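Chain by chain, the residues:
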Amino acid sequence: MFKPMWKALVCALALSALSTAMAADPVIIKFSHVVAEQTPKGQGALLFKKLVEERLPGKVKVEVYPNSSLFGDGKEMEALLLGDVQMIAPSLAKFEQYTKSVQLFDLPFLFDDISAVDRFQLSPEGQKLLKSMESKNITGLAYWHNGMKQLSANKALREPKDARGLKFRVQASAVLEEQFKAVNANPRKMSFAEVYQGLQTGVVNGAENPYSNIYSQKMHEVQKFITESNHGVLDYMLITNTKFWNGLQPDVRSELDKILVEVTAHVNKEAAQLNQNDKQRILDAKTTEIITLTPEQRNEWRDKMKPVWKKFEGDIGADLIKAAEASNTAQ
């Protein structure tokens, strides 16, 4: 009589111990990205890891995989949707197959400066875009700055005609392809990890990047000229798998939200300084001439590229473009 009861008690204790052990296992967040740790995104990922493990000890563990060490440009979104990673921060150019509206950020010369980008991203229209892909199992958590893009090439680019016939590396973005076609250049899709070699071997002649990307990937060693065009923004959307995020304990998710607000403020503040520092490092290296456009030259580039807006107005939405353009005027 006592033997079955004893067995039942042992089983109950074992199940209780197993349940406790399982409850004690921390949530693992694999954060994969494709850039160097010295960039704004790289630093943001490390700060996120640090704060999460300080404030949610034993509950959440963050593993950071920089420089395409886990998944490259072309695979990270698939990995997120499959649950192989829990957090990535792709360039805003990477979302066109999930929502056409985010193509807005690729429109050339839409934003005058990074302050205008901030104003739009914090606006109701900008915040709405973060939630625009939840039906596709993608939840946007924040916008992270990298910075305004500059043109680099192995010939001086002062006027749009100087770009004629050059092969520019672009992300997989229809808007960015049209941007370069507008100045009679040839866009070439290429993953970020391949850009240095592509420039070195002449597969492409030019690219567009913030200074932090140019310096961290040593592109200034294989590009003779950089034109400070500030023609577009290269920002990231920090995203997670919607099912994973909604499946977290409410208290854990709430704390992660608070941490992300703090990390985002830090990333966006530091991005501008890091780009300025890396610009100076490029100047100090003396491998590359940085060209400053006159207001007239910049307007000429803008006039040549602005017709791209009209081509994508139907996909993006005229009202959204108007709201973004209005952000150039400080409220």
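The protein has the name C4-dicarboxylate TRAP substrate-binding protein DctP in an unreviewed UniProt entry, where Pseudomonas marvdashtae is given as its organism. The UniProt entry for the protein carries this comment under Sequence similarities (unreviewed entry): "Belongs to the bacterial solute-binding protein 7 family."

J.: Looking at this structure, I do not really get the sheet that holds strand E10 (residues 233-241). What am I missing?
T.: Note on sheets: strands pair through backbone hydrogen bonds, and any given pair is parallel or antiparallel. Ordered in space as E2-E1-E3-E10-E4, the five strands form an open sheet in which the pairing is mixed. A strand with exactly one partner marks an edge of an open sheet, and here the two such strands are strand E2 (60-65) and strand E4 (138-148). Pairing of strand E1 (residues 27-32) with strand E3 (residues 87-88) involves two bridges; the strand directions are parallel. Residue pairing in the sheet places Phe-31 in a bridge with Met-87 of E3. Where helix H2 (residues 40-55) meets the sheet, it contacts E1, E2, E3, E4 and E10, and its direction lies at approximately 160 degrees from that of E2.

J.: Just to check I follow, could you spell out helix H13 (residues 318-326) for this structure?
T.: Each α-helix turn comprises 3.6 residues. Residues three or four places apart therefore point the same way. Taken as a whole, H13 has its buried residues at Leu-320, Ile-321, Ala-323 and Ala-324. The buried residues of H13 occupy one face: seen down the axis, they fall within an arc of 160 degrees. Pointing more than 90 degrees away from the buried face of H13 are the exposed residues Asp-319 and Lys-322. Along its buried surface, H13 packs onto helix H4 (114-122), helix H5 (124-130) and helix H12 (307-316).

J.: Looking at this structure, I do not really get the pattern of salt bridges. What am I missing?
T.: Any two side chains of opposite charge can pair, given that their charged atoms come close. Counted under the stated rule, the structure contains 13 salt bridges. Of the charged contacts in the structure, one is a salt bridge between Glu-208 and Lys-149, with a shortest N-O distance of 3.2 Å. Taken together, the positions of Glu-208 in strand E8 (residues 206-209) and Lys-149 in the loop between E4 and strand E5 (150-153) put the pair 59 residues apart, joining distant regions of the chain. Taken as a pair, Glu-208 and Lys-149 share a single burial class, namely buried. The partner of Glu-289 in a salt bridge is Arg-158, and the shortest N-O contact between them spans 3.4 Å. You can see Glu-289 sitting in strand E11 (residues 289-292) and its partner Arg-158 sitting in the loop between E5 and strand E6 (167-170), a full 131 residues away along the chain. A relative accessible area of 39% places Glu-289 in the partly exposed class. By sharing partners, the salt bridges in this structure join Glu-178, Lys-181 and Lys-311 into a single network.

J.: Please explain the packing of aromatic side chains as it appears in this structure.
T.: How two aromatic rings sit relative to each other is given by the distance of their centres and the angle of their planes. This model, assessed by the stated rule, comprises seven aromatic pairs. With 6.1 Å between their ring centres and 45 degrees between their planes, Phe-111 and Phe-120 make a pair best called tilted. Grouping residues by exposure puts Phe-111 and Phe-120 together as buried. Where Phe-168 meets Phe-180, the ring centres are 4.4 Å apart and the plane angle is 15 degrees; that geometry is what we call stacked.

J.: How should I be thinking about the pairing of E8 in this particular structure?
T.: Every other side chain in a regular strand lies on the same face of the sheet, so the side chains alternate between the two faces. Burial of the side chains of E8 extends over both faces: Gly-206 and Glu-208 are buried on one face and Ala-207 and Asn-209 on the other. As paired strands, E5 and E8 are joined by four bridges and run antiparallel to one another. Bridge pairing in E8 links Leu-151 to Glu-208.

J.: It is not clear to me how the side chain of Thr-264 should be interpreted in this structure. Could you clarify?
T.: By the element assignment, Thr-264 lies in helix H10 (residues 250-285). A residue is classified by how much of its surface remains accessible, and Thr-264, at 13% relative accessible area, is buried. A polar atom in the side chain of Thr-264 sits 3.0 Å from the side chain of Trp-144. Ignoring any residue separated from it by four or fewer positions in sequence, one finds Thr-264 in contact with Ala-142, Tyr-143 and Trp-144.

Rules and cut-offs
Residues numbered from 1 in each chain as written. Predicted model: local features only at pLDDT ≥ 70, side-chain atom pairs only at ≥ 80, totals over all residues. Heavy atoms only, no water. UniProt positions renumbered as here; feature names shortened; annotations may be inferred. Pairing = 2+ DSSP bridges. Helix = DSSP H or I, 4+ residues; strand = E, 2+ residues; numbered from the N terminus. Contact = heavy atoms within 4.5 Å. Axes fitted to C-alpha atoms, helices over the stretch in contact; angles between N-to-C directions. Buried < 20%, exposed > 50% of the residue type's maximum accessible area, 1.4 Å probe, protein only. Arc of directions from axis to C-beta. Salt bridge = Lys/Arg side-chain N within 4 Å of Asp/Glu carboxyl O. Phe/Tyr/Trp six-rings, centres within 6.5 Å; stacked < 30°, edge-to-face > 60°. Polar contact = N/O pair within 3.5 Å; in protein donor to acceptor, adjacent residues only side chain to side chain.

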